[in-house]
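Listed below, chain by chain, are the residues.
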Amino acid sequence: MVHRVTDYLLFYFQGGFGVLMIHYLSYRSVVKSRYGQPVLKVPVNAGFSCPNRDGTKSAEGCRFCDNRSFSPVALRQVESPAAEQLRTALARRRGRNGPVLPYLQPFSNTYGTIEELKKRYEPLLAVPGVIGLAIGTRPDCFTEETYRYLAELARRTCLSIELGLQSAHDATLALCNRGHTFADFIAAVTRLSSDTIETVAHVMLGLPGETGEIMMRTADRLAALPCTGVKIHQLMVIEGTEFATWYREGRLAVLDLDEYAELLCGFLSHLRPDQQIHRIMADSTTANGLIAPLWSADKPGSLRVIHRYMDEHATRQGSQYGVGRLNG
Ligand code: SF4
């Protein structure tokens, strides 16, 4: 296999030089080179709801969803406005902040009227050090008015919209009770990127009914879209969710760490080389309801295994990009 020189990093350690292979384009490295220092991403709970929970799309939510586990900030009552939560978090760091990116994380943070959006976004932008907003939401939570406001916002700040997708296959989305289609995602990403807004797709590996080949097709489809970044993680079974029942009934299996490492590396190889990778695994704890896979509770140990797999298999993001199309 031939690698470009830029896939390697020369480093100096304990009196000698070494070479590290760069396996993927990390979002962290991109923003560090853009701002000359690391950017501090601070999760805040802006108090929005979700149409897949409030009865608009469904009242049950996605079958894997327990925002308490995926997002520790969702555990906190929204007693204080998001800007106050951010100020409190920054004060704890005693000035060691640098550029700050508030991340509106739990639930669907574009699910509201324009007035509600402005009321929750704008005070965050006024906090010293804030360079923009990262907004987590669903692909079906946009109106024409929302798009116009976000486009205006993107002209004056650094704006990134993180869209929950999980899979590019409608059968899987239906099985997970997502309440939206892949076409909804395409429409949102196309419109947002036409307004030069960065978009990040959240995907899960190991969803029920999906083979490795099906998961790779999701990567191919993302690679064909103007999607700036991708967040990838394993399916986690969380107490209190529908999938927890399926798991206990033997209707749902989870990936072991070796299987996940292999699928993740395959997925990366199908993405475009320029798509920024925001995350390669998620973590939770049994105290937060994690049932399986339990390797999710040991993030440092699991990441070591994943990186070892990448080294051993010379994983390179984008190495399979377009290969299927070239082969017809
Ligand atoms: S869209 Fe997000 S918040 Fe809403 S039910 Fe699904 S995972 Fe939960």
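Below is a short write-up of the structure.

Definitions and limits used
- Residues numbered from 1 in each chain as written.
- Predicted model: local features only at pLDDT ≥ 70, side-chain atom pairs only at ≥ 80, totals over all residues.
- Heavy atoms only, no water.
- Buried < 20%, exposed > 50% of the residue type's maximum accessible area, 1.4 Å probe, protein only.
- Helix = DSSP H or I, 4+ residues; strand = E, 2+ residues; numbered from the N terminus.
- Pairing = 2+ DSSP bridges.
- Contact = heavy atoms within 4.5 Å.
- Axes fitted to C-alpha atoms, helices over the stretch in contact; angles between N-to-C directions.
- Parallel < 35°, antiparallel > 145°, perpendicular 65-115°, else oblique.
- Left-handed = near helix turned anticlockwise from the far one by under 90°.
- Nonpolar A, V, L, I, M, F, W, Y, C, P; charged D, E, K, R; others polar.
- Patch = residues over 30% accessible without salt bridge, like charges linked within 9 Å, V, L, I, M, F, W, Y side chains within 5 Å.
- Areas by Shrake-Rupley, 256 points an atom, 1.4 Å probe, with all protein chains shown as cover.
- Salt bridge = Lys/Arg side-chain N within 4 Å of Asp/Glu carboxyl O.
- Lys, Arg positive; Asp, Glu negative; His and termini not counted.
- Charge placed at Lys NZ, Arg CZ, Asp CG, Glu CD.
- Phe/Tyr/Trp six-rings, centres within 6.5 Å; stacked < 30°, edge-to-face > 60°.
- Lys NZ or Arg CZ within 6 Å of the ring centre and 35° of its normal.
- Disulfide = S-S within 2.5 Å.

1. Here's the deal with the pairing of strand S7 (residues 198-205)
Here is step 1 of the chain: With seven of its eight residues buried, S7 lies for the most part within the structure.
Here is step 2 of the chain: Bridge count for strand S6 (residues 158-166) against S7 is six bridges, and the pairing is parallel. Its bridge partner lying in S7, Gly-164 is registered against His-202.
Here is step 3 of the chain: Both S7 and strand S8 (residues 229-234) contribute to a ladder of six bridges, which runs parallel.

2. Things to note about the environment of Leu-225
Here is step 1 of the chain: As for its placement among the helices and strands, Leu-225 is situated in the loop between helix H8 (212-223) and S8.
Here is step 2 of the chain: A sequence separation of 39 residues divides Leu-225 from Ile-186, and the C-alpha atoms of the two residues are 7.5 Å apart.
Here is step 3 of the chain: Not counting the four nearest positions on each side in its chain, Leu-225 is found in contact with Phe-182, Phe-185, Ile-186, Val-189, Arg-272 and Gln-275.

3. Here we look at the packing of helix H10 (residues 257-270) against helix H11 (residues 299-312)
Each pair of packed helices can be described by the angle between their axes along with the distance between the axes.
Here is step 1 of the chain: The contact between H10 and H11 brings their axes to 9 Å, and the two run at 55°. Accordingly, the angle class assigned to the pair H10 and H11 is oblique. Like other packed secondary-structure pairs, H10 and H11 cross with a definite hand, here right-handed. Of the residues in H11, those touching H10 at Leu-257, Asp-258, Tyr-260, Ala-261, Glu-262, Leu-264, Cys-265 and Leu-268 are Ser-302, Val-305, Ile-306, Tyr-309 and Met-310.
Here is step 2 of the chain: The class makeup of the residues in the contact of H10 with H11 is 10 nonpolar, one polar and two charged.

4. What to know about a negative patch on the surface
Here is step 1 of the chain: On the surface, a cluster of negative charge is contributed by Asp-256, Asp-258, Glu-259 and Glu-262.
Here is step 2 of the chain: With relative accessibility at 37%, the residue Glu-259 sits in the partly exposed group.

5. Focus: the side chain of Asp-66
Here is step 1 of the chain: With respect to the helices and strands, the residue Asp-66 is situated in the loop between strand S3 (40-44) and helix H2 (67-70).
Here is step 2 of the chain: What makes Asp-66 buried here is its relative accessible area of 8%.

6. Looking at the packing of aromatic side chains
Here is step 1 of the chain: Counted according to the given criterion, the structure contains seven aromatic pairs.
Here is step 2 of the chain: With a centroid separation of 6.0 Å and an interplanar angle of 15°, the aromatic rings of Tyr-121 and Tyr-149 are classed as stacked. With Tyr-121 in helix H4 (residues 114-125) and Tyr-149 in helix H5 (residues 144-156), the pair connects residues that are 28 residues apart, well separated along the chain.
Here is step 3 of the chain: Judged by relative accessible area, which is 0%, Tyr-121 ranks as buried.
Here is step 4 of the chain: The class of Tyr-149 is buried, set by a relative accessible area of 5%.
Here is step 5 of the chain: A centroid spacing of 5.9 Å and a plane angle of 15° characterise the contact between Phe-182 and Phe-185, whose relative ring orientation is stacked. Of the two residues, Phe-182 and Phe-185 both sit in helix H7 (residues 182-194), three residues apart, roughly one turn of that helix. Taken individually, Phe-182 and Phe-185 each receive the classification buried, so the pair is uniform in this respect.
Here is step 6 of the chain: Here the aromatic residues Phe-48, Tyr-121 and Tyr-149 are joined through ring pairs into a cluster of three or more.
Here is step 7 of the chain: Taking the ring centre of Tyr-103 as reference, the NZ or CZ of Lys-41 above it sits at 4.5 Å.
Here is step 8 of the chain: We note Arg-120 situated over the ring of Phe-48; from NZ or CZ to the ring centre the distance is 4.5 Å.

7. Focus on the state of the cysteines
Should the sulfur atoms of two cysteines be covalently bonded, the bond is a disulfide.
Here is step 1 of the chain: Taken as a whole, this structure holds zero disulfides when the rule is applied.
Here is step 2 of the chain: Unpaired in terms of disulfides, Cys-176 finds its nearest cysteine sulfur in Cys-62, a separation of 7.4 Å.
Here is step 3 of the chain: Since its relative accessible area comes to 1%, Cys-176 is described here as buried.

8. Observations regarding the sheet that holds S8
Here is step 1 of the chain: The strand order across the open sheet built from seven strands is S3-S4-S5-S6-S7-S8-S10, with neighbouring strands paired in parallel fashion. Of all the strands in the sheet, the pair left with one neighbour each is S3 and strand S10 (276-279). Put simply, the sheet's adjacent strands are angled 25° from each other on average, direction ignored.
Here is step 2 of the chain: This element, H4, spans S3, strand S4 (100-104) and strand S5 (132-137) of the sheet and lies at about 145° to S5.
Here is step 3 of the chain: Against the sheet, H5 contacts S5 and S6, and its axis sits at roughly 135° relative to S6.

9. Comments concerning the pattern of salt bridges
Here is step 1 of the chain: As enumerated under the stated definition, the model contains 15 salt bridges in all.
Here is step 2 of the chain: A salt bridge links Asp-140 to Lys-57, with the shortest nitrogen-to-oxygen separation between them at 2.5 Å. With Asp-140 in the loop between S5 and H5 and Lys-57 in the loop between S3 and H2, the pair connects residues that are 83 residues apart, well separated along the chain.
Here is step 3 of the chain: Note on Asp-140: relative accessible area 22%, which makes it partly exposed.
Here is step 4 of the chain: The class of Lys-57 is partly exposed, set by a relative accessible area of 42%.
Here is step 5 of the chain: Here Arg-138 makes a salt bridge to Asp-140, at a shortest N to O gap of 2.8 Å.
Here is step 6 of the chain: Beyond isolated ion pairs, a larger network of salt bridges with shared partners links Glu-144, Arg-148, Arg-191 and Asp-195.

None of this, on its own, says anything about what the molecule does.
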